[in-house]
Amino acid sequence: MSAPWTRAASQGGTGAGFMALRNRGAAADRIIAASSPAARVVELHTHIREGDVMRMRPVPAIELPPGEEVRLAPGGLHLMLIGLNRPLRQGERVPVTLTLERGGSLTVELEVMAAGARGPAAAMPGGAPHGH
């Protein structure tokens, strides 16, 4: 896992979690749930194009194929932190626990970046989302 981050957000609002995950095992795994003490609920989401509009949709799981990196990034797969019970302020860290189908649980700390941030430079070369 590398460069977990989120954007600054206000209390009561929503936040999003981004990171790169690598399954170093020989078997496929998947994220089946997530939680954070900073939010009422954390959902697994993706973006889907409907005509000319990109819409966020919940997904039941995020697949982690063996030996591959899966990127949670703006415009693609991501975590939605819904019902923030406190503001997410730039410079803070927010814990999120990922529940894996095979690998148990993994707690990561999202670095809170500026509200309009596009991600840490190391995680997102050129600041552009990958894939779409």
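Since the model is a prediction, treat every value here as computed from it, not as a measurement. (Residues numbered from 1 in each chain as written. Predicted model: local features only at pLDDT ≥ 70, side-chain atom pairs only at ≥ 80, totals over all residues. Heavy atoms only, no water.)

### Some details on the pattern of salt bridges
- Under the definition given, this model contains 6 salt bridges.
- E50 is the salt-bridge partner of R57, the closest N and O atoms lying 3.1 Å from each other.
- For R57, a relative accessible area of 33% corresponds to the partly exposed category.
- For E50, a relative accessible area of 35% puts it in the partly exposed group.
- Residues E92 and R86 are paired through a salt bridge, measuring 3.1 Å at the closest nitrogen-oxygen approach.
- When its relative accessible area of 27% is taken as the criterion, R86 is described as partly exposed. (Salt bridge = Lys/Arg side-chain N within 4 Å of Asp/Glu carboxyl O. Buried < 20%, exposed > 50% of the residue type's maximum accessible area, 1.4 Å probe, protein only.)

### A short note on the nonpolar core
- By size, the foremost hydrophobic cluster in this structure holds 24 residues, and its most contacted members are M19, I31, L79, L81, V96 and L98.
- Listing elements by their share of this core, those giving two or more residues are strand 2 (14-22), strand 3 (29-35), strand 4 (39-50), strand 6 (62-64), strand 7 (69-72), strand 8 (78-84), strand 9 (93-100) and strand 10 (104-113).
- Per-element accounting of this core gives the leading share, 4 residues, to strand 9.
- Residues within four places of L79 in sequence aside, it is in contact with G15, A16, G17, M19, A34, V42, E43, L44, L72, V96 and L98.
- Counting residues in each nonpolar core, the second largest holds 7 residues, with W5, F18, I82 and M113 among its members. (Core = buried A, V, L, I, M, F, W, Y, C linked by side-chain atoms within 4.5 Å. Helix = DSSP H or I, 4+ residues; strand = E, 2+ residues; numbered from the N terminus. Contact = heavy atoms within 4.5 Å.)

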